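Single-letter residue listing:
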Amino acid sequence: MTSLSPHLLDPRLEALIDRVAERQRADFGHSQPDLKADGSFITACDRWSDATLVEGLAQLYPGEGVLSEEGRQQVPATPAYWVVDPLDGTTNFAAGIPYWAISMARFEAGVPVLAVLDVPPLRQRIVALRGQGAWRNGKPIPPPAEQGHNAGCASLCSRSIRVLQKLPHRPFPGKIRLLGVASLNLVSVAMGQTMAALEATPKIWDLAAAWLVLEELGCPLRWLGASPQGLLAGTDQAQTDFPVLVANRQEILERFMPWAEALETEVPPPQVV
């Protein structure tokens, strides 16, 4: 992997993520999933990755709490804290589909100020710093409007695709892609891979890192329910969803709003993702 400059990412943090990414690549294709209480999958690699990241962050940044998908899911009371999804895309990982991510974000004053999205199978690492931009493997990422290679694709999650049935007579304004990784579904807009993404039930750990990347690259977001900004310390995030529509520019956001509005009236049943 291309080394990131020290001013972008603490080398100790980079080494911690490298360790987890390497273990995930080694375990890929050899993990049997279990079902969690909510019907989603978990593997031994998820559990190891979560414990390793939480322990490592505690050692690197003492005094900063951690909210993680497989660990403590309450918002820390510390002035700065981390939100971690140790393996986003467990279904892909367990099924042998080589597309998943490690998602991490550091929060201050209720918003992410540092984001890291590592994609182990592609050996890509996206880093964003509030007010400074975003980088992939150390190279600045231009805003999607400047990338010029959009193929007209739009990302839907498995829980949001049912909105198509609510507007059967309106052609969907994009080529549908379901990537199976909430964080990467969202950040695909910032990367210029898609022009819009609609997520029905992302948790804070699904969207924390992508949120900052999108903001740094000027992509408009429309929260379709509660906003994740300024979460109250001590609140349990296990059952809280933050449905969202994101786009590469405002006119595209408005074009997809009818489907987002259909999602707002949808109450999807639990599904495995």
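Just above sits the structure.
Residues numbered from 1 in each chain as written. Predicted model: local features only at pLDDT ≥ 70, side-chain atom pairs only at ≥ 80, totals over all residues. Heavy atoms only, no water.

Enquirer: In this structure, what is going on with the overall build of the protein chain? I would like to understand it.
Expert: In terms of regular secondary structure, the protein chain is built from six helices and 14 strands. Across its three principal axes, the protein chain shows a C-alpha extent of roughly 55 × 40 × 40 Å. Across the protein chain, every contact between residues at least 6 apart in sequence was considered, and the portion connecting residues at least 24 apart equals 64%. Distance from the positive charge centre (23 side chains) to the negative charge centre (29 side chains) of the protein chain: 5 Å. (Helix = DSSP H or I, 4+ residues; strand = E, 2+ residues; numbered from the N terminus. Contact = heavy atoms within 4.5 Å. Lys, Arg positive; Asp, Glu negative; His and termini not counted. Charge placed at Lys NZ, Arg CZ, Asp CG, Glu CD.)

Enquirer: Sorry, what's going on with the sheet that holds strand β6 (residues 111–119) here?
Expert: Across a sheet, strands are paired by hydrogen bonds formed along the backbone, either parallel or antiparallel in direction. Strand order in the open sheet made by the seven strands is β3-β4-β5-β6-β7-β8-β9, with mixed pairing throughout. Two strands in the sheet have a free side with no partner beyond their single neighbour: β3 (65–68) and β9 (139–140). Where strand β5 (residues 101–108) and β6 come together, seven bridges link them in antiparallel fashion. Considered in β6, the bridge of M104 is made with V116. Contacts from helix α2 (residues 44–60) reach β3, β4 (80–88) and β5, with the element oriented near 160 degrees to β4. Sitting on the sheet, helix α4 (residues 182–190) is in contact with β4, β5, β6 and β7 (124–129), with an inclination near 105 degrees to β6. (Pairing = 2+ DSSP bridges. Axes fitted to C-alpha atoms, helices over the stretch in contact; angles between N-to-C directions.)

Enquirer: For this particular structure, what's the right way to read the pattern of salt bridges?
Expert: In a structure, side chains of opposite charge can pair up when their charged atoms sit close to one another. Within the structure shown, the criterion is met by 12 salt bridges. R12 is the salt-bridge partner of D10, the closest N and O atoms lying 2.9 Å from each other. We note a salt bridge from R125 to D118, for which the minimum N-O separation is 2.6 Å. With a relative accessible area of 0%, R125 lands in the buried category. When salt bridges with common partners are traced through the structure, they connect E14, D18, D118 and R125 into a single cluster. (Salt bridge = Lys/Arg side-chain N within 4 Å of Asp/Glu carboxyl O. Buried < 20%, exposed > 50% of the residue type's maximum accessible area, 1.4 Å probe, protein only.)

Enquirer: How should the packing of aromatic side chains be read in this particular structure?
Expert: By convention here, two paired aromatic rings are described through the distance between centres and the angle between planes. The final tally for this structure, using the stated rule, is nine aromatic pairs. A centroid spacing of 4.9 Å and a plane angle of 80 degrees characterise the contact between F93 and W100, whose relative ring orientation is edge-to-face. The pair formed by F93 and W100 is uniform in burial state, with each residue classed as buried. Site record: aromatic cluster; members linked through ring pairs are Y81, F107, W211 and W223. When the ring centre of Y61 is taken as origin, the NZ or CZ atom of R12, which lies over that ring, is 5.8 Å away. The positively charged end of R23 is found above the aromatic ring belonging to W48, 4.5 Å away from the centroid. (Phe/Tyr/Trp six-rings, centres within 6.5 Å; stacked < 30°, edge-to-face > 60°. Lys NZ or Arg CZ within 6 Å of the ring centre and 35° of its normal.)

Enquirer: Got a minute to help me understand the packing of α4 against helix α5 (residues 204–216) in this structure?
Expert: Each pair of packed helices can be summarised by the angle the axes make with each other and by the distance between the axes. Between α4 and α5, the shortest axis-to-axis distance is 8 Å and the interhelical angle comes to 5 degrees. Of the possible angle classes, the one that applies to α4 and α5 is roughly parallel. In contact with A182, S183, L186, V187, V189 and A190 of α4, α5 contributes D206, L207, A210, V213 and L214. A per-class count over the contact of α4 with α5 returns nine nonpolar, one polar and one charged. (Parallel < 35°, antiparallel > 145°, perpendicular 65-115°, else oblique. Nonpolar A, V, L, I, M, F, W, Y, C, P; charged D, E, K, R; others polar.)

Enquirer: Please explain the sheet that holds strand β10 (residues 153–156) as it appears in this structure.
Expert: The mixed open sheet is built from five strands, whose spatial order is β11-β10-β12-β14-β13. Of all the strands in the sheet, the pair left with one neighbour each is β11 (175–177) and β13 (221–223). Mean inter-strand twist for the sheet, computed between neighbouring axes without regard to direction, equals 15 degrees. In this sheet, strand β14 (residues 244–247) lies alongside β13 in antiparallel orientation, the contact comprising three bridges. Following the sheet pairing, W223 is matched in β14 by V244. Where helix α6 (residues 250–264) meets the sheet, it contacts β10, β12 (196–199), β13 and β14, and its direction lies at approximately 160 degrees from that of β14.

Enquirer: Looking at this model, I keep getting lost on empty space enclosed by the protein. Mind explaining?
Expert: Gaps left between atoms are located by rolling a probe of water-molecule size over the structure's atoms. Under the definition given, this model contains one cavity of 30 Å³ or more. Space inside the largest cavity adds up to approximately 40 Å³. What lines the largest cavity is A154, S155, L156, F172, A196, A197, L198, L245, F256, W259 and A260. Breaking the lining of the largest cavity down by element, the ones donating at least two residues are β10, β12 and α6. (1 Å grid on protein atoms, 1.4 Å probe; cavity = no way out; pocket = protein on both sides within 12 Å on 5 of 7 lines; lining within 4 Å. Points joined across faces, edges and corners; volume = space filled by probe spheres on them.)

Enquirer: I'm lost on the packing of helix α1 (residues 11–27) against α2 in this one. Help?
Expert: It is the contact of α1 with α2, at a shortest axis distance of 10 Å, that shows an interaxial angle of 170 degrees. Our classification of the angle between α1 and α2 gives roughly antiparallel. In contact with R12, L13, L16, R19, V20, R23, Q24 and D27 of α1, α2 contributes C45, W48, S49, T52, L53, G56, L57 and L60. Each residue belonging to the contact of α1 with α2 can be placed in one class, and the counts come to eight nonpolar, four polar and four charged.

Don't take any of this as a statement about function, it's just geometry.
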